[in-house]
Amino acid sequence: MAQVVLKDLIKTYGSVYAVNNVSLTVNDGEFVALVGPSGCGKTTTLNLVAGLIPITGGDIVIGDRVVNDLDPKDRDIAMVFQNYALYPQKSVYNNLAFPLQMRRLPKDEIDRKVRDAAKVLDMTHLLERKPRELSGGQQQRVALGRALVRDPAVFLMDEPLSNLDAKLRVQMRSEIKRFHQDLKATIIYVTHDQLEAVTMADKMAVMNGGFLQQYDTPAQVFAHPLNMFVASFIGSPAMSLVPLEASTANGMSVLTSAEGWALPLSPLNARKVAAAKSKKIVLGARHSTIKLHKSAQPGAIPAKVYTVEPTGDVTFVQAFLSGSLVNISVPPAVHVAPDEQVWLEFDQDRIHLFDGETEMALH
Ligand code: ATP
């Protein structure tokens, strides 16, 4: 396999920067997910690596070659799309064999490669079937197999699971992850589904508005989002973000709300807030780190329940706190109702603080 390096990659359409100065390195054998909301530039980035569209600026290096001006077929990549694009008249065997026949490989070598791929993907028993005789998950496996037989330096996958139903998607997620582990393949995988990225990838590149927002392991991105966009995009339900104001009360650093309550800060959080450029501070907290009380408690802040969603294992509550909706998860035994007054307790060691003006995390 090979590493892929993007250096100051730019793609413009007229005045629109679809990809804006993106630099990142995908190491040999790494699974990297490009993730972000619709229009963030992830598909364009993948298509630039594939050579399906020309770059406006920067460099793309695959292995030790700058591939900027190479045709897709000369880049040593294989693509897997969301629509599997199988040949309906050909058997699975011939769907897999076709790219190799085009390369005029000897028949016995083609047969070996097809059977090896079928074995890896556990579809030897399906080789004689036509695509219409396969389930969606099996068709997607054939599409993966067709990429696999080409033995590329890099696999490029564009939302390969988005046509599958929810259950199958979860199953194929594990299969693609396994595929990566077994083959130690270099994979760049586009998805708008942050959960897919978090569960499958070694590293995730979070994009927004053509810019790379953060590039790190899912654990690191989840625990230390660099800015408010990443904080709210990664994690489900989303991290709650409450705009507040830095102030002091009785010599203590606090965050205050328009309603008049004050949240005292720990010395570490007080230091972070003191380093901010402005007094506007955004408090961030993940649902599992907020405690919900049904009566007033020291240090807990009043909030009003908006929605209650029992899921069986856990109940998700949304409550209004100083005009912002906050997500909280509580055990199913805790019963609250819409419009009920509750008190929320934040864990000082697990809150996130952002500069309200720059939207960057405070360290
Ligand atoms: P989605 O998940 O909806 O596919 P995406 O994150 O993959 O979104 P891109 O398809 O890469 O986003 O698009 C990035 C930006 O570039 C968008 O603003 C889009 O409108 C614009 N764009 C993409 N392709 C073209 C094109 N051929 N002509 C003009 N603008 C384009």
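Note on numbering: residues in each chain are counted from 1, in written sequence order. Residue-level local features of this predicted model are given only where pLDDT is at least 70; pairs of side-chain atoms are given and counted only at 80 or more, and the full residue set underlies all totals for whole chains, interfaces and linings.

A. Here's a closer look at the site of the ligand. Close to the ligand lie Tyr13, Val16, Ala18, Gly36, Ser38, Gly39, Cys40, Gly41, Lys42, Thr43, Thr44 and His192, which account for all nearby residues. Secondary structure elements follow DSSP: runs of H or I no shorter than four residues count as helices, runs of E no shorter than two count as strands, and numbering proceeds from the N terminus. Listed by contribution, the elements that provide at least two residues to the shell around the ligand are strand S2 (16–26) and helix H1 (42–50). With 3 residues, the single largest contributor to the shell around the ligand is H1. Its residues placed into classes, the shell around the ligand shows 4 nonpolar, 7 polar and 1 charged. We call a residue near a molecule or strand when its C-beta atom, built from the backbone, sits within 6 Å of it. Nonpolar residues are Ala, Val, Leu, Ile, Met, Phe, Trp, Tyr, Cys and Pro. Charged residues are Asp, Glu, Lys and Arg, and all others, Gly as well, are polar.

B. Local environment of the UniProt feature "domain: ABC transporter" (unreviewed entry) in the chain. UniProt positions are given in the numbering used here, feature names are shortened, and annotations may be inferred rather than shown by experiment. Per the UniProt record, "domain: ABC transporter" (unreviewed entry) is annotated on residues 4–234. For residues 4–234, the helix share is 36%, the strand share is 26%, and the end-to-end C-alpha distance is 24 Å.

C. Seen up close, the environment of Met79. Mapped onto the elements, Met79 comes out in strand S6 (residues 77–80). Counting other C-beta atoms within 10 Å of each residue's C-beta, where C-beta atoms are placed from the backbone, gives the exposure class: buried for 20 or more, exposed for 12 or fewer, partly exposed between. Exposure remark for Met79: the 23 C-beta atoms within 10 Å place this residue in the buried category. A residue pair is marked as a contact if its C-beta atoms, positioned from the backbone, fall within 7 Å. Those residues within four positions of Met79 in sequence are excluded, and the remaining contacts are Ala50, Ala147, Leu156 and Asp158.

D. Seen up close, the pairing of strand S18 (residues 324–330). A pair of strands counts as paired when DSSP detects no fewer than two bridges linking them. As defined by bridge partners, strand S17 (residues 315–321) adjoins S18 across 7 bridges and the pair is classed as antiparallel. Looking at the pairing, Ala319 lines up with Val326 of S18. The loop that links S17 with its antiparallel partner S18 comprises 2 residues; one of these, Ser322, has a positive phi angle of about 50 degrees.

E. Structural detail: the nonpolar core. In plain words, the nonpolar core is the set of buried Ala, Val, Leu, Ile, Met, Phe, Trp, Tyr and Cys residues that C-beta atoms within 7 Å link up. Judged by nonpolar contacts, the single largest core of 100 residues is most densely connected at Ile188, Tyr189 and Leu344. When residues of this core are assigned to domains, at least three map to each of domain 1 (4–233) and domain 2 (240–355). Leaving out residues up to four positions away in the same chain, Leu344 has contacts with Ile290, Leu292, Ala300, Ile301, Ala303, Ala319, Leu321, Val326 and Ile328. Boundaries between domains were set according to an automatic or database domain assignment.

F. Fine view of the sheet that holds strand S4 (residues 57–62). Pairing is antiparallel in the open sheet, where 4 strands are placed in the order S2-S1-S4-S5. The sheet is open, and its two edges are formed by S2 and strand S5 (65–66), each paired on a single side. Pairing analysis gives 2 bridges linking S4 to S5, with the strands arranged antiparallel. If you follow Ile62 over to S5, its bridge partner there is Arg65.

G. Structural detail: the packing of helix H2 (residues 92–102) against helix H4 (residues 136–148). Where H2 contacts H4, the axes come no closer than 8 Å and their chain directions differ by 30 degrees. Taken together, the axis directions place H2 and H4 in an arrangement best described as roughly parallel. Crossing of H2 over H4 shows right-handed handedness. The segment H2 lies against H4, with Val92, Asn95, Leu96 and Pro99 engaging Val142, Gly145 and Arg146. When its residues are assigned to classes, the contact of H2 with H4 shows 4 nonpolar, 2 polar and 1 charged. Interaxial angles span 0 to 180 degrees and are taken between N-to-C directions of axes, which are lines fitted to C-alpha atoms, for helices over the stretch in contact. Our angle categories are set so that under 35 degrees counts as roughly parallel, over 145 as roughly antiparallel, 65 to 115 as roughly perpendicular, and the remainder as oblique. Crossing handedness is read from the near helix: turned anticlockwise from the far helix by less than a right angle, it gives a left-handed crossing, and turned clockwise, a right-handed one.

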